[in-house]
Amino acid sequence: MKSVKTTEKPLFPLLNSKKNEAVILPPLSLYLKLIPKKDEAFFVQYLKYLHLLAIRGLGEKKVHQKSFNYLYQAVSKREWSEKNLLGYLQKEFIKRNLSLSLLLEPLDGFEWVSKNLYPLELTEASPMGLQIISPISRMVAVLNNQTPSFYQPFSNLVFSYISRYVQEYEGLRRILKKSGISTGDKKITQRLKKGLKSEQQLLSVTRGVTFRSKIGFFIGLNTILTEKVVQKINFLVYVNAFLYGLWYNLTTKNQTKEMKIK
């Protein structure tokens, strides 16, 4: 994989919209607010790794039949220079005592997508969700010292945001369609509304006042994007998201104590 510059911002060409495509969604940089400042550069490079896998897994780059096998061996059996993206991640994973599963699981997930031979609906693509979204959720949890009970409900929230971007970006829908994954707006909207309640319960397993406030904000923002007709993302939308989050924090506190791991 390409060499790494830790000062670079994450770029996601898969999400580029046409100039005349009005996309009513937050900028991707907003989600870095969920990551401690000291870990941002590392997390950006982890996302870049996932993006490179996505290019291969979704057929945006022609790959050899055994490309994912080679990548698996490259990640798990070979030591790379720190100037290389894999080398940088290997070094950081060792330093932070992180499991290599956070690198290998999404690799397996995108390989599965690349070899999928059957029609699949996005909201029912659980294997892809488990192997691609779950590692992102665990990474956010680890960097914020959250318990394992945080993973699954946070994964639901991540999936909701991904689904919203799929709804808005026609180019991304076309890419998924090439991989045999359909993206019906009606089913996505139903899934988003159904997930709101469980996502609000996420606050009951989130530790730390500051991080709870951040999670509440993103849940509130997701509520607005799902239930309201938003013409554009502006300061007022963010204020309302904060107020929603504050309300959820107050009303969901200690409601699901049985979910917590002591």
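Reading the values: the criteria
- Residues numbered from 1 in each chain as written.
- Predicted model: local features only at pLDDT ≥ 70, side-chain atom pairs only at ≥ 80, totals over all residues.
- Heavy atoms only, no water.
- Phe/Tyr/Trp six-rings, centres within 6.5 Å; stacked < 30°, edge-to-face > 60°.
- Buried < 20%, exposed > 50% of the residue type's maximum accessible area, 1.4 Å probe, protein only.
- Lys NZ or Arg CZ within 6 Å of the ring centre and 35° of its normal.
- Salt bridge = Lys/Arg side-chain N within 4 Å of Asp/Glu carboxyl O.
- Helix = DSSP H or I, 4+ residues; strand = E, 2+ residues; numbered from the N terminus.

Asks: Any chance you could break down the packing of aromatic side chains for me, citing the residues and the numbers?
Replies: If you walk through the whole model with that rule in mind, you get 14 aromatic pairs. Note on Tyr-165 and Tyr-169: the rings are 6.0 Å apart at their centroids and 5° apart in plane angle, and the pair reads as stacked. Grouping residues by exposure puts Tyr-165 and Tyr-169 together as buried. An aromatic cluster of at least three residues, connected via ring pairs, comprises Tyr-31, Tyr-161, Tyr-165, Tyr-169, Phe-217, Phe-218 and Tyr-238. The aromatic ring of Trp-80 is capped on one face by Arg-78, whose charged end is 3.7 Å from the ring centroid. Across from the ring centre of Phe-42, 4.2 Å away, lies the NZ or CZ of Arg-96, which sits over that ring.

Asks: Help me get a handle on the pattern of salt bridges, residues and values and all.
Replies: The tally for this structure, following the rule as stated, stands at eleven salt bridges. Between Asp-39 and Lys-38 there is a salt bridge whose closest N-O contact spans 3.1 Å. Taking the relative accessible area as the measure of exposure, Asp-39 reaches 3% and is therefore buried. Close ionic contact of Glu-92 with Lys-95 constitutes a salt bridge, the shortest N to O distance being 3.3 Å. Of this pair, Glu-92 and Lys-95 are both found in helix α3 (residues 85-95), three residues apart, which corresponds to roughly one turn of the helix. Salt bridges sharing common partners tie together Lys-38, Asp-39, Glu-92, Lys-95 and Arg-96.

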